Amino acid sequence: MLNERIEKIEVFNAEKVDGVWEQRLRIHYNCVGAIEIPDLIPLPAPEVSVNTRKGVVVNYAPSTIAG
């Protein structure tokens, strides 16, 4: 069913931007064409604390947030 809705997919070369590899795709839909989705500011990931057992707490915090 998905193949019936997509005309073609363009795959661009991967580029390293700010130390993170990014690769662009452009999907062309039948009867609509390509839809441009604007870049959104990513929401920060919350720090998470988990009580694994009595007296032991494990904290998870992202070191970097990929954009």
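Residues numbered from 1 in each chain as written. Predicted model: local features only at pLDDT ≥ 70, side-chain atom pairs only at ≥ 80, totals over all residues. Heavy atoms only, no water.

1. Thoughts on a negative patch on the surface
Move 1: A surface patch of like charges, here negative, comprises Glu15, Asp18, Glu22 and Asp39.
Move 2: Structurally, the position occupied by aspartate 39 is in the loop between β5 (33-34) and β6 (48-53). (Patch = residues over 30% accessible without salt bridge, like charges linked within 9 Å, V, L, I, M, F, W, Y side chains within 5 Å. Areas by Shrake-Rupley, 256 points an atom, 1.4 Å probe, with all protein chains shown as cover. Salt bridge = Lys/Arg side-chain N within 4 Å of Asp/Glu carboxyl O. Lys, Arg positive; Asp, Glu negative; His and termini not counted. Charge placed at Lys NZ, Arg CZ, Asp CG, Glu CD. Helix = DSSP H or I, 4+ residues; strand = E, 2+ residues; numbered from the N terminus.)

2. Considerations on unusual backbone geometry
Move 1: Even without being a glycine, aspartate 18 presents a positive backbone phi close to 55 degrees.
Move 2: As for its position among the elements, aspartate 18 is in the loop between β2 (15-17) and β3 (20-22).

3. Some details on the pattern of salt bridges
Move 1: Within the structure shown, the criterion is met by one salt bridge.
Move 2: Where arginine 26 meets glutamate 10, a salt bridge forms, and the shortest distance between an N and an O atom there is 3.6 Å. With arginine 26 in strand β4 (residues 25-29) and glutamate 10 in strand β1 (residues 6-11), this pair connects stretches of sequence that are 16 residues apart.
Move 3: Judged by its relative accessible area of 27%, glutamate 10 falls in the partly exposed class. (Buried < 20%, exposed > 50% of the residue type's maximum accessible area, 1.4 Å probe, protein only.)

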